[in-house]
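Summary of the model geometry
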Amino acid sequence: MDEISFRIFRFDPSRDAEARYQLYRIRPEPGLTVLSALVNLREEQDGSLAFRASCRSGICGSDAMLINGRARLACKTQVAEAAGDGTVTLEPLRGFPVLKDLVVDQSDFWEKLVRVKPWLIPGPEPAPERERLMRLPAQQFDELSRASDCIFCACCYAECPMEGRHRAYLGPAALVKAYRFEADPRDAGSAERRGALDHPDGVWRCHHVFRCTEACPKEIDAAWAIQQLQRRLAARHLRLKGDA
Ligand code: SF4
Ligand code: FES
């Protein structure tokens, strides 16, 4: 393919009455990523194009966007792969207010993350002299470690159909982070997280559509992590019922 069209969503809420799509043409080189193509476009064709990026290597999570309708990291997507019919369409992540072009306001995403208290809450026992060691069988450690790989790109959040319909739903990323600490044997924060998790807009809003798992660029099985949280809470409800 000699040339590829980039069809890019353009919108500046401070100036534009409505959004539009702008067409650019580029000559693809082998190995060119969507992010590199965007950088080239901004440097060579249109300095007003807004997008967010930092590490360029799938670590910072800042360049998530819709690439041909699917939430992906621009730095991990090859232009040759995305341009099936010769056109790559780029749009901002679904479900977020647009700040400019491909840059969205993620305040809601971060606020939901904080609601699950994504940090280690130690129990009342005295702190050890040195570090708190985690003792877990290898498989459980791997599962917990996988959940720690989240880079907060929000691809899962943008793809989740429940998030689209119920704006108060915590969403997969916050629940993955909650699972990371709930499954940590050193953590004693379940009671503090329960209000957010054991709630219609917490774990119970998930209907296991698995779009979050499919979308995750770090191969985190978010739907599985949510299922684990549901199991833990269901077991607690059964215990309480048994005690009554
Ligand atoms: Fe991104 Fe995956 Fe974390 Fe969701 S769980 S924010 S898709 S890294
Ligand atoms: Fe950091 Fe893509 S630029 S993940």
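Residues numbered from 1 in each chain as written. Chains lettered and ligands numbered in written order. Predicted model: local features only at pLDDT ≥ 70, side-chain atom pairs only at ≥ 80, totals over all residues. Heavy atoms only, no water.

Here we take up the sheet that holds strand 2 (residues 20-26). Spatially, the five strands line up as an open sheet ordered 2-1-5-3-4, and their pairing is mixed. Of all strands in the sheet, those with a lone pairing partner are strand 2 and strand 4 (70-73), marking the two edges. Each strand axis lies, on average, 35° off the axis of its neighbour in the sheet, ignoring direction. In the packing of helix 1 (residues 34-44) onto the sheet, contacts are made with strand 1 (4-10), strand 2, strand 3 (64-67) and strand 5 (87-91), and the angle to strand 1 comes to roughly 75°. (Pairing = 2+ DSSP bridges. Helix = DSSP H or I, 4+ residues; strand = E, 2+ residues; numbered from the N terminus. Axes fitted to C-alpha atoms, helices over the stretch in contact; angles between N-to-C directions. Contact = heavy atoms within 4.5 Å.)

This part covers the pattern of salt bridges. Under the defined criterion, the tally for this structure stands at 16 salt bridges. Here E182 and R193 are joined by a salt bridge, their closest N and O atoms 2.7 Å apart. Of the two residues, E182 is situated in helix 7 (residues 172-182) and R193 in helix 8 (residues 190-197); the sequence distance between them amounts to eleven residues. You'll find E182 and R193 in the same group, each marked buried. (Salt bridge = Lys/Arg side-chain N within 4 Å of Asp/Glu carboxyl O. Buried < 20%, exposed > 50% of the residue type's maximum accessible area, 1.4 Å probe, protein only.)

A few words on unusual backbone geometry. Phi at R56 takes a positive value of approximately 65°, unusual for a residue other than glycine. Locating R56 in the fold gives a position in the loop between helix 1 and strand 3. For A154, which is not glycine, the phi dihedral falls at a positive 75°. Mapped onto the elements of the fold, A154 is located in the loop between helix 4 (138-147) and helix 5 (155-159).

Attention shifts here to the packing of helix 3 (residues 107-115) against helix 7. Contact geometry for helix 3 and helix 7: axes closest at 9 Å, N-to-C directions at 25°. Taken together, helix 3 and helix 7 sit at an angle that is classed as roughly parallel. In the packing of helix 3 onto helix 7, the handedness of the crossing is right-handed. Residues F109, K112 and L113 of helix 3 pack against A173, A174 and K177 of helix 7. Residues belonging to the contact of helix 3 with helix 7 are distributed by class as follows: four nonpolar, no polar and two charged. (Parallel < 35°, antiparallel > 145°, perpendicular 65-115°, else oblique. Left-handed = near helix turned anticlockwise from the far one by under 90°. Nonpolar A, V, L, I, M, F, W, Y, C, P; charged D, E, K, R; others polar.)

Just geometry here; none of it tells us what the structure is for.
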